[in-house]
Amino acid sequence: MNAMTEIPMREHANAAGRLDRNPELSILIPFYNDDPRPLINALDRLAMRADDLEIVLYDDGEPDPALNQAICTHIDRLDLPVRVLTSVRNRGRAAGRNLLARRAQADWLLYLDADMIPSDDAFLDRYRQALGDGRADALFGGYITADADRPEQVLHAALSRTSDHHDAAARNAIGATAFCSSNVLVRATVMRACPFDEGFSGWGWEDVDWAVTAADQFRLVHIDNPARHGGLHATDELLAKFKTGAANFRRLLDRHPELSALPGARAARALKAMPGQHWLRGLWSWLSRNPALPLRLRTVAIKLWRASWTSEVL
């Protein structure tokens with residue numbers, strides 16, 4: 001037995017979630033400190049029928065017990081079937097998503113990050129239509145970025161909009177590497193055959209790895225059905241994530257050498273060939289964090305920071 005499956009876990013279900021049912025769609029929401037209640041409320045409003053879907057939440061290590069209790073109390077007031085799975089220790093992003101897939105009851109699974117909100121009232125209807133047309137085994141709906149709530153989040157919003165905002169036509173041209181696990185509809189059979197690689201730890205790249213691996217066996221398609229991404233990080237948090245995420249990027253390239261042509265890999269190799277480039281990290285960090293500078297310059301600086309740390313592991 002995998003050690004991850006031995007970590008103790010408890011489950012809380014509301015009245016509807018305790019009934020024996022056969023839902024058509026399981027909506028799977030992992031969270032770690034983020035509050036998923038706005039997303040739950042939005043889904044509850046959009047669910048025309050409560051008998052064809054379920055929501056399964058996963059609290060990865062319960063870093064905030066008060067939030068966990070508030071969520072359990074909140075779902076008890078809903079008619080929509082909802083369950084909350086709570087792990088006593090952190091399993092990680094890949095293992096948490098695999099756990100959700102194992103505990104889901106439906107043949108189709110919709111992964112949504114806890115900081116996402118459907119972009120319009122037709123969000124679930126578009127995915128329901130996709131269930132029956134048979135053209136794909138997994139679909140990524142895309143996302144749009146919410147406005148920054150605080151000045152220190154402005155850089156993350158700008159970076160997200162310049163790097164990740166693409167319509168379905170552009171994403172289909174890019175292919176599997178444009179998939180993100182934040183808004184993905186996938187057959188349960190696909191997840192059984194191709195789970196997330198739990199060798200990825202911390203932040204980043206496990207969803208790209210999954211998509212590239214799954215695309216070898218299944219049909220992955222991009223559609224225009226975005227959710228709004230609100231979980232923006234302050235610049236200091238983003239710098240830390242890019243630094244620690246370098247090891248995951250190396251794991252991605254080791255598993256998929258054909259991805260060495262990705263822009264991030266090319267930039268890292270170019271910096272690796274520059275003697276003493278690591279001395280410039282302080283400058284790139286300062287440029288990234290300076291709100292007086294143009295956003296374009298700050299965006300370039302943080303990309304150089306990320307490439308510099310990636311160059312260390314290539």
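This text gives an overview of the structure that appears in the document. (Residues numbered from 1 in each chain as written. Predicted model: local features only at pLDDT ≥ 70, side-chain atom pairs only at ≥ 80, totals over all residues. Heavy atoms only, no water.)

### Some words on helix H2 (residues 65-75)
Within the sequence span of H2, burial applies to Leu67, Asn68, Ile71, Cys72, His74 and Ile75. Each buried residue of H2 lies within a common arc of 160° when the element is viewed along its axis, so the set occupies one face. Lining the buried residues of H2 we find strand E1 (9-13), strand E2 (25-31), helix H1 (37-46), strand E3 (53-59) and strand E4 (82-87). (Buried < 20%, exposed > 50% of the residue type's maximum accessible area, 1.4 Å probe, protein only. Helix = DSSP H or I, 4+ residues; strand = E, 2+ residues; numbered from the N terminus. Arc of directions from axis to C-beta. Contact = heavy atoms within 4.5 Å.)

### Considering the sheet that holds strand E8 (residues 143-145)
Spatially, E6-E11-E8 is the arrangement adopted by the three strands of the open sheet, whose pairing is mixed. The open sheet has two free edges, formed respectively by strand E6 (116-118) and E8, since each of these has just one partner strand. In this sheet, neighbouring strand axes are inclined to one another by 30° on average, regardless of whether the strands run parallel or antiparallel. Inspection of the sheet shows E8 paired to strand E11 (residues 227-229) by three bridges, in the parallel sense. Pairing of Tyr143 across the sheet is with Ala227, part of E11. Taken strand by strand, helix H5 (residues 154-164) contacts E8 and E11, and its axis lies near 145° from that of E8. (Pairing = 2+ DSSP bridges. Axes fitted to C-alpha atoms, helices over the stretch in contact; angles between N-to-C directions.)

### Comments concerning the pairing of E2
E2 sits mainly inside the fold: seven of its seven residues count as buried. The two faces of E2 match: Leu25, Ile27, Ile29 and Phe31 on one face and Ser26, Leu28 and Pro30 on the other face are all buried. Relative to E3, E2 runs parallel, the two sharing seven bridges. Across the sheet, the residue bridging to Pro30 is Tyr58, located in E3.

### Notes on the sheet that holds strand E5 (residues 108-112)
The eight strands lie next to each other as E1-E4-E3-E2-E5-E9-E7-E10, forming an open sheet whose pairing is mixed. Each edge of the open sheet is held by one strand with a lone partner, namely E1 and strand E10 (220-222). Taking the axes of each pair of neighbouring strands and ignoring which way they run, one obtains an average angle of 20° across the sheet. The pairing of E2 with E5 spans four bridges and is parallel. By the bridge assignment, Ile27 is partnered in E5 with Leu110.

### Points about the packing of aromatic side chains
Scanning the model with the defined rule gives seven aromatic pairs in all. When the ring of Phe140 is compared with that of Phe179, the centres are 5.7 Å apart and the planes differ by 40°; the resulting orientation is tilted. On the criterion of sequence distance, the pair formed by Phe140 in strand E7 (residues 138-140) and Phe179 in the loop between helix H6 (168-174) and strand E9 (183-187) is long-range, its members being 39 residues apart. For the residue pair Phe140 and Phe179, the accessibility class agrees, reading buried in each case. Taking 5.7 Å as the distance between ring centres and 50° as the angle between the ring planes, the aromatic pair formed by Trp203 and Phe242 counts as tilted. Of this pair, Trp203 sits in the loop between helix H7 (188-193) and helix H8 (206-215) while Phe242 sits in helix H9 (residues 235-244), and the two are 39 residues apart along the sequence. Ring pairing ties together the aromatic residues Tyr111, Phe196 and Trp210, which thus form one cluster. If you follow Arg281 out to its NZ or CZ, it ends over the ring of Trp309, 3.9 Å from the centre. (Phe/Tyr/Trp six-rings, centres within 6.5 Å; stacked < 30°, edge-to-face > 60°. Lys NZ or Arg CZ within 6 Å of the ring centre and 35° of its normal.)

### Some words on the side chain of Glu206
Tracing the backbone through its elements, the reader meets Glu206 in helix H8. A distance of 3.0 Å separates polar atoms of two side chains, one belonging to Glu206 and the other to Arg93. (Polar contact = N/O pair within 3.5 Å; in protein donor to acceptor, adjacent residues only side chain to side chain.)

### Topic: unusual backbone geometry
A positive phi angle, close to 50°, is found at Glu62, a residue other than glycine. In this model, Trp205 sits at a positive phi of 80°, which is unusual for a non-glycine residue. By secondary structure assignment, the location of Trp205 is in the loop between H7 and H8. Owing to a relative accessible area of 26%, Trp205 belongs among the partly exposed residues under this scheme.

### Focus on the environment of Leu28
Tracing the sequence through the fold places Leu28 in strand E2. Judged by relative accessible area, Leu28 falls into the buried class, the value being 0%. The spacing of Leu28 and Asn183 is 155 residues in sequence and 10.0 Å in space, taken between C-alpha atoms. Once residues lying within four places of it in the same chain are set aside, the contact partners of Leu28 are Val56, Leu100, Ala101, Ala104, Leu109, Leu110, Tyr111 and Leu112.

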